[in-house]
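Notes for the structure review
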Amino acid sequence: MNFEITHDIDYIRECLTNEYVWENSMDDSFKDVSKDLFFPKMDGITYVKAGDFGLLMAMPINFITHDIHIALLPNARGMAKTICQEAIEWVFENNKERPLRLTASIPEFNKHAIKLARDVGMEFIGVNKMSFLKNGKLFNQLLFGLSRRIE
């Protein structure tokens, strides 16, 4: 799989506004945002293009930890675990900040993302209660983490 940091705003927008990604990832703060007028934030976020299968986004929390989000396109079905495992390893090795820990906050209703986090080796850390607003209802977010092996 070919991974590269991308600044291609059109590709980033295509991935983030994909119907499946948009519906399962965006909270109520985006409910009135037109997908055609959506401009992803670029500052501070590393966008890693995973071939033609989508993106992994890494947002620094501090010097050691980055919060990651996955935006895979429908053509990644059946390969999500492999793509994400390889993308995570790539981020650990190639991101200029070289994070030592990756975390993910996943709304409790997103069962596919929760399973994927576990499948790629992320451990359950805890619950951020009532922290994700979707369709006027507050949901818990499940927190997962994975540390880079230091040798």
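Quick caveat: nothing in here was measured; it's all calculated off a predicted structure. (Residues numbered from 1 in each chain as written. Predicted model: local features only at pLDDT ≥ 70, side-chain atom pairs only at ≥ 80, totals over all residues. Heavy atoms only, no water.)

The next thing to look at is the pairing of strand β4 (residues 65-72). The side chains of a regular strand alternate, first on one face of the sheet and then on the other. The element β4 is extensively covered by neighbouring structure, given that 6 of its 8 residues are classed as buried. Where strand β3 (residues 54-60) lies against β4, 7 bridges are found, and the strand directions are antiparallel. Of the residues in β4, the one forming a bridge with Pro60 is His66. The hairpin formed by β3 and β4 contains 4 residues between the paired strands. By the bridge criterion, 3 bridges tie β4 to strand β5 (residues 101-107) in an arrangement that is parallel. Bridge pairing in β5 places Asp67 opposite Thr103. With helix α3 (residues 80-94) bridging β4 and the parallel β5, this β-α-β connection has right-handed handedness. (Buried < 20%, exposed > 50% of the residue type's maximum accessible area, 1.4 Å probe, protein only. Helix = DSSP H or I, 4+ residues; strand = E, 2+ residues; numbered from the N terminus. Pairing = 2+ DSSP bridges. Right-handed = clockwise from strand over helix to strand, strands pointing away.)

Attention now goes to the pattern of salt bridges. This structure, assessed with the given rule, holds 4 salt bridges. With its nearest N and O atoms 3.6 Å apart, the salt bridge here joins Glu93 to Arg148. Taken together, the residues span a long stretch of sequence, with Glu93 in helix α3 and Arg148 in the segment after β7 (137-147) at a distance of 55 residues. According to the relative accessible area criterion, Arg148 is buried, its value standing at 19%. (Salt bridge = Lys/Arg side-chain N within 4 Å of Asp/Glu carboxyl O.)

A word on helix α4 (residues 111-119). Of the residues making up α4, those classed as buried are Ile114, Leu116 and Ala117. With its buried residues spanning 165 degrees around the axis, α4 presents them on a single face. Of the exposed residues in α4, the ones pointing more than 90 degrees away from its buried face are Lys111, His112 and Lys115. Immediately beyond the C-terminal end of α4, within one or two residues, lies Gly121, with a positive phi of roughly 95 degrees. (Arc of directions from axis to C-beta.)

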